[in-house]
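# Remarks on the overall topology
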Amino acid sequence: MEVSSYNFTPCCQVVNFSSKLVERTSFSHQLKLSPIGKFRILCTSIDSRNGSLRFSSISKLYLKNTNNSEGSRAVNALGGSKRINFKALSGSYDGYVIDGKEDARNISVGEESVSKVLIPGLPDESSGESCASISSCFWEWKPKLNVHYEKAGCENVKSPPVLFLPGFGVGSFHYEKQLKDLGRDYRVWAIDFLGQGMSLPVEDPTPRSKEDVVSAEEDVLWGFGEKTETWANELVYSVDLWQDQVCDFIEQVIGEPVYIVGNSLGGFVALYFAACKPELVKGVTLLNATPFWGFLPNPTRSPRLARIFPSSGTFPLPEGVRKVTEVVWQKISDPKSIAEILKQVYADHSTNVDKVFSRILEITQHPAAAASLASILLAPQGRLSFRESLSRCKANDIPISLMYGKEDPWVRPVWGRQVKRQLPEAPYYEISPAGHCPHDEVPEVVNYLLRGWIKNLESQGLVALPLLEDCESTQYSIARELEFIREGSRKSVSVRIQGSSFSFWNGVSSYFQSRFGKLETKS
């Protein structure tokens, strides 16, 4: 049951790390066409009838977006006398081709000839470019437990549904750049896990009597009482709870199998859910997915060991836990601590995280936030490990794609490569520079890759995987450089695709090549 709904309007002023109010700079995707040379501009598109690649010549200054007729962008053909060969590969996902040759047949398909791949930026609202509107809603899952979610693109009734799962400590707001962009082509949802974001209890699970309240300040925190309300008797914020939440959300709200995308904790839950309910999943994308979750033993798998920990995240929280939580909460909910964590996980410090910062800070003000954190940290592990979930997904032939930020200080690329070794056929994209949250740091790249991966699956392989030109090239490691426009300037990101022949020694070789390559460049 959807109990409320309203349109989401981004804040124009948020708190930055210096605790000052700043205005977001409007993005601009326009570039002026350079007069250098006689460049011929070619658009690529996919014929939906047979999946073939088509080229069309355009002599005007503006390029039409091949999958979005109402949007247009001006493209700068790069100044300088050196010829730069831009190319959109087969299965171009809203990409463009720029080449100095007079005929499309002269565009070489060899890897060596591809200098850069120009991809679209995010939709620029300030220039009148349309983007999907976001609606914020609440779904009454269980008594006193309302689940918050955001949705976009629901008018695209024939398009595939995509569900985004957030990482620890954030919520659906972390996928705003995906909802606004991908919502133009797909039906898109992003959900807040119970105990996080805006999916926090509407009442105190363990209310205290007036006699127990020492001060008005103490009364602000929920979940620190001695007696649990009936509706919260079995409440514990664990991966099993979130897996059940996602299952019911897909069945009751979306109503059909989905492509599911998860970052960090969300990646773990996405894989876990796909392993438990493969019939509801069309494919899984892992964005720097954490390979483990939970510190305490699962009562189903290790019943004797689990008895040693009687709390296991349930309410009421033990007295010792309550005291420790209050001390820890004061530290981690401090704005300086939140800013420092964001600085760690975002590799590109030029990324504007003011809105994310303000939303996280807002969540910490909820009276149930501290006790919810304690429940999450004390919750038992899931019934399946990450590796077991991978094995089940592989046995059920669930398509999986891997997209990892290379500079992630927490889930380092070695974890993504381990997944790749277990699933050699899964496309693995390593993005640099990008940290723990590539979907927010380089949303242009992640959205481009997601579009291409979904089109590859929906076309049953007629459309090539993103940045790959043919089936043979999927066996090896390939590097591409993607360029897009952000805030009026050109930004470049490197993406390495690990093919099915990728091995441990390939990874070691790739690491040393990248390290020594940087040293040679500097010298």
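- Looking at an unreviewed UniProt entry, one finds the protein chain named Pheophytinase and attributed to Tripterygium wilfordii.

## Details of helix 5 (residues 319–332)
- Under the 1.5 Å per step criterion, the end-to-end length of helix 5 is 20 Å for 14 residues, consistent within 8% with the ideal 20 Å.
- Among all positions of helix 5, only R322, T325 and W329 are buried.
- The inward-facing, buried residues of helix 5 contact helix 7 (354–364) and helix 8 (369–378).

## A closer look at unusual backbone geometry
- For the bond from F315 to P316, the omega torsion is 5 degrees, close enough to zero to count as cis.
- Considering the arrangement of structural elements, one finds P316 in the loop between helix 4 (303–306) and helix 5.
- Across the junction of S432 and P433, the peptide omega takes the value 0 degrees, indicating a cis bond.
- For N288, which is not glycine, the phi dihedral falls at a positive 45 degrees.
- Relative to the assigned elements, N288 resides in the loop between strand 15 (281–287) and helix 4.
- Here the phi dihedral of D397 falls at roughly 55 degrees; this positive angle occurs in a residue that is not glycine.
- With a relative accessible area of 66%, D397 lands in the exposed category.

## Some remarks on the packing of helix 6 (residues 335–345) against helix 7
- Relative orientation of the contacting elements helix 6 and helix 7 amounts to 135 degrees, with a least axis distance of 10 Å. Of the possible angle classes, the one that applies to helix 6 and helix 7 is oblique. Between helix 6 and helix 7 the crossing geometry is right-handed. Of the residues in helix 7, those touching helix 6 at P335, I338, A339 and L342 are V356, F357, I360, L361 and T364.

## Brief notes about the pattern of salt bridges
- Evaluated as defined, the whole model comprises 22 salt bridges.
- A salt bridge links D181 to R184; its shortest N-O distance comes to 2.7 Å.
- In the salt-bridge network here, residues are joined through shared partners; they are E129, D181, R184, D185 and R451.

## Concerning the confidence of the model for the protein chain
- The share of residues in the protein chain with pLDDT of 70 or more is 70%, and the mean pLDDT across the chain is 79.
- Contacts for the low-pLDDT stretch residues 3–114, under 50 throughout, to residues beyond four places or in other chains number 252 contacts.

## Let's talk about the environment of N233
- As for its position among the elements, N233 is in the loop between strand 13 (187–191) and helix 2 (239–254).
- Residue class for N233 comes out partly exposed when judged on its relative accessible area of 40%.
- The spacing of N233 and P205 is 28 residues in sequence and 8.5 Å in space, taken between C-alpha atoms.

What counts, and where the lines are drawn
Residues numbered from 1 in each chain as written. Predicted model: local features only at pLDDT ≥ 70, side-chain atom pairs only at ≥ 80, totals over all residues. Heavy atoms only, no water. Helix = DSSP H or I, 4+ residues; strand = E, 2+ residues; numbered from the N terminus. Expected span 1.5 Å × (residues − 1). Buried < 20%, exposed > 50% of the residue type's maximum accessible area, 1.4 Å probe, protein only. Contact = heavy atoms within 4.5 Å. Axes fitted to C-alpha atoms, helices over the stretch in contact; angles between N-to-C directions. Parallel < 35°, antiparallel > 145°, perpendicular 65-115°, else oblique. Left-handed = near helix turned anticlockwise from the far one by under 90°. Salt bridge = Lys/Arg side-chain N within 4 Å of Asp/Glu carboxyl O. pLDDT = per-residue confidence, 0-100.

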